[in-house]
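Geometric and topological summary
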Amino acid sequence: MATLGAAVGLGNLWKFPYMIGQNGGGAFLILFILFTLILGLPLMLSEFIIGGVGKGNSYSAIKKLAPQSSWRFIGFVGNINLLLIMSFYSIIAGWSLIYLGHATLNHFDALAAESSHTLFVQMMSSPILMLIGHTLFCVLTSWIIYRGVQKGLERASKIMMPALFLLLLLIIIVNLFQGGFAQAATFLFTPDFSKITGKVFLDALGQACFSLAAGAGALCIYASYLKDNSGLTRQSLIIVTANIIIAILAGLAIFPIVFRHGLSPAAGTSLIFETLPLALGALPFGNILGIALFVLFLFAALTSSISLIESPVAFLEKELSLSRRRSTVMVTSIPWVLGVIYILLWNHPLGVFDKVIHLATNILLPLTGASLVFFVGWKIGQTKIANFLQLRSRLLIKLLTYGLKVIVPLTLILISIMNQF
Ligand code: PHE
């Protein structure tokens, strides 16, 4: 449940629609699914193996598994990258908080496309508002981590996840009747392979890792808390499938609205915030549905943000023997400060915010991910891997270790490096 919570989040609801919108539709979807299955899944399993066998966060587990080597450095970089991800994640979650406020104040009622755009622009031009959202979300995440109430959150997700699923389904059904659905389905499901460029490749890879919460070692710590790892392989398959389904549902919820109102699918980070209020505003009880939707968004974001913070906190506790409280404050203050800097530089021509998203998801995530897989392939014996994953078929074991040793890391590195030139 915790890993499913880490995987499903703003990556599916906010990032996937904007990525597929910017990368031309169907062809991106196919690449995303392909990369999730052949690269993301082994990556996820590798993190489970490191954390489960080495019993710790990525750094401490690798240190234990390969004491004399400098491999642990990957764990360190991974933890830094988790903080980098949190720094922009928290800003987007902050936007969801602000939109929750709008829904509560009934601001979506009978909204026209233009006013929806204005609503978003107003938020963008108010650093104070963004600062409040960002700060609240950081505080909320650290409070959960510090109080150790993740378990309660995970239990709640048994209700919240299906609720999110149903609400997305409701928006999709409404879309079916209000127009734009056929166009959206064509956009999402008819691949135009001429649209595939190096950028589309890289974006799809980054999205596959990001959406699964895999690549930076966040999942190691989750596996280390497991007493019994039976069924892990099967559960990973369920997580991967659920993650893809939620992303597609988010696409089917957003794109009919885009086409119905003649908006641009390539609007970028603002896409869901400019479209969802339009659909909600046109519905009876739209504000109540809006409140429910943004509460569920925040919930999904929180179960992901705790996975971004938990591993670096565990690192400080273990390696520097700091208290849970101190570690939590130190760890959350880094992404908070970074986020404040992005907000202050919001209209700077360098486009710092978008650059950080690109660096953290498309470059660092695949590179540290490749190193983690490589480490598992070469440094943890075939027998240990087979035992941990409880695999019996010799062929499968051979195939998996070969994949982990050569194919997966090489592909990850090639795609992430290729696009830089
Ligand atoms: N997978 C999360 C989401 O989709 C984000 C995340 C990325 C979490 C990397 C942990 C590590 O929202």
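A brief look at the structure comes next. Sequence positions are assigned chain by chain, starting from 1 and proceeding in written order. Note on the predicted model: pLDDT of at least 70 is required for a residue's local features to be given, and 80 or more for side-chain atom pairs to be given and counted; whole-chain, interface and lining totals, by contrast, use all residues. Note: side-chain values were computed over all heavy atoms of the structure, leaving out hydrogens and water.

**Some remarks on the overall build of the protein chain**
The condition is simple: Helix and strand assignments come from DSSP, with helices taken as H or I runs of at least 4 residues and strands as E runs of at least 2, each series counted from the N terminus. C-alpha atoms define the radius of gyration in this analysis, and the globule rule sets the expected value at 2.2 Å times the number of residues to the power 0.38. Here's how the labels work: a residue is buried when its accessible area is under 20% of the maximum for its type, exposed when over 50%, partly exposed in between, all with a 1.4 Å probe on protein chains only. Per-residue accessibility takes into account occlusion by the displayed protein chains alone, with areas from the Shrake-Rupley method and a 1.4 Å probe. Lys and Arg are tallied as positive, Asp and Glu as negative. Neither His nor the chain termini are counted. Taken as the charge location is NZ of Lys, CZ of Arg, CG of Asp or CD of Glu.
Helix and strand content of the protein chain: 18 helices and zero strands. Relative to its length of 421 residues, the protein chain is compact, with a C-alpha radius of gyration of 21 Å against a globular reference of 22 Å. Considering only C-alpha atoms, the protein chain reaches an extent of 65 × 50 × 45 Å along its principal axes. Among the 421 residues that make up the protein chain, the fraction classed as buried is 57%. As displayed, the protein chain has an accessible area near 17,200 Å², and 69% of this comes from carbon and sulfur atoms. Between the mean site of the 25 positive side-chain charges and the mean site of the 12 negative ones, the protein chain shows a separation of 15 Å.

**Structural notes on the packing of helix H2 (residues 10–22) against helix H10 (residues 198–212)**
Note the threshold: Axis lines are fitted through C-alpha atoms, for helices just across the contact stretch, and the angle between N-to-C directions can take any value from 0 to 180 degrees. Our angle categories are set so that under 35 degrees counts as roughly parallel, over 145 as roughly antiparallel, 65 to 115 as roughly perpendicular, and the remainder as oblique. It only takes one pair of heavy atoms within 4.5 Å for two residues to be counted as in contact. Throughout, the ten residues Ala, Val, Leu, Ile, Met, Phe, Trp, Tyr, Cys and Pro are labelled nonpolar, Asp, Glu, Lys and Arg are labelled charged, and all others, Gly among them, are labelled polar.
Between H2 and H10, whose axes approach to 11 Å, the crossing angle comes to 170°. Relative to H10, the element H2 is oriented roughly antiparallel. In this structure, H2 uses Gly11, Asn12, Lys15, Phe16, Met19 and Gln22 to contact H10, whose residues at the interface are Lys199, Asp203, Gln207, Phe210 and Ser211. When the residues that make up the contact of H2 with H10 are grouped by side-chain class, the tally is three nonpolar, five polar and three charged.

**Here we look at the site of the ligand**
Where we set the bar: Whether a residue is near a molecule or strand is decided by its heavy atoms; if any one of them lies within 4 Å of it, the residue is near. Distance and chemistry together define a polar contact, namely a pair of N or O atoms within 3.5 Å, with one atom able to donate a hydrogen and the other to accept it when in protein, and with adjacent residues in sequence counting only for side-chain atoms on both sides.
Residues in close proximity to the ligand total 15 residues, the closest being Ala6, Ala7, Gly11, Tyr89 and Phe210. The separation between an oxygen atom of the ligand and a polar main-chain atom of Leu10 is 3.1 Å. The contact in question runs from a nitrogen atom of the ligand to an N or O atom on the backbone of Phe210, over 2.7 Å. Relative to its free-state accessible area of 330 Å², the ligand is covered by the protein chains to the extent of 100%. Mapped onto the shell around the ligand, the elements with two or more residues apiece are helix H1 (2–7), H2, helix H5 (72–104), H10 and helix H14 (286–319). Classifying every residue of the shell around the ligand gives nine nonpolar, six polar and no charged.

**Section: the packing of aromatic side chains**
For any pair of aromatic rings, the description consists of the separation of the ring centres together with the inter-plane angle of the planes. Under the convention used in this document: Ring pairs are drawn from Phe, Tyr and Trp, using the six-membered ring of Trp, whenever the two centres fall within 6.5 Å, and their geometry is named by plane angle: stacked under 30 degrees, edge-to-face over 60, tilted for the rest.
For the structure shown, the criterion picks out 25 aromatic pairs. Here Tyr89 and Phe210 contribute two aromatic rings whose centre-to-centre distance is 6.2 Å and whose plane-to-plane angle is 50°, an arrangement assigned as tilted. Placement of the pair is Tyr89 in helix H5 and Phe210 in helix H10, with a sequence separation of 121 residues. Judged by its relative accessible area of 3%, Tyr89 is buried. Exposure remark for Phe210: the relative accessible area of 9% places this residue in the buried category.

**A closer look at the pattern of salt bridges**
Filter applied, for reference: Salt bridges are identified by distance alone: a Lys or Arg side-chain nitrogen within 4 Å of an Asp or Glu carboxyl oxygen.
Taken as a whole and assessed by the stated rule, the structure comprises five salt bridges. The closest approach of N and O atoms between Lys63 and Glu319, which form a salt bridge, is 2.7 Å. Taken as a pair, Lys63 in helix H4 (residues 58–65) and Glu319 in helix H14 lie far apart in primary sequence, 256 residues in all. On the basis of relative accessible area, Lys63 is assigned to the partly exposed category, the value being 29%. For Glu319, a relative accessible area of 22% gives the class partly exposed. Salt-bridge contacts for Asp192 lead to Lys195; the nearest nitrogen and oxygen are separated by 3.5 Å. Lys195 sits in the partly exposed class, given a relative accessible area of 40%.

**Quick word on H4**
Residues of H4 that are buried include every one of Ser58, Tyr59, Ser60, Ala61 and Ile62, and no others. Those residues of H4 that are buried lie in contact with helix H3 (26–54), H5, helix H11 (218–224), H14 and helix H16 (352–379). Two or three places before Tyr59, at the start of H4, stands the capping residue Asn57, its side-chain oxygen 3.0 Å from that residue's backbone nitrogen.

**Notes on the environment of Ser116**
Along the chain, Ser116 falls in helix H6 (residues 113–124). When its relative accessible area of 1% is taken as the criterion, Ser116 is described as buried. Spatially, the C-alpha atoms of Ser116 and Leu278 are 6.9 Å apart, while their sequence positions differ by 162 residues. Setting aside anything within four residues of it in sequence, one finds Ser116 in contact with Tyr99, Leu111, Phe273, Glu274, Pro277 and Leu278.

**Overview of a positive patch on the surface**
Inclusion rule: Note that patches include only residues with greater than 30% relative accessible area and no salt bridge, and the join distances are 9 Å for like charges and 5 Å for nonpolar side chains (Val, Leu, Ile, Met, Phe, Trp, Tyr).
Together, Lys151, Arg155, Lys158 and Lys227 line one region of the surface with positive charge. Within the secondary structure, Lys158 is located in helix H8 (residues 150–178).

**Some remarks on a nonpolar patch on the surface**
On the surface, a nonpolar cluster with roughly 440 Å² of combined accessible area is contributed by Trp336, Val337, Ile341, Leu344 and Leu345. Overall, the relative accessible area of 41% leaves Val337 in the partly exposed class.

Such coordinate-based values are descriptive only and should not be taken to indicate function.
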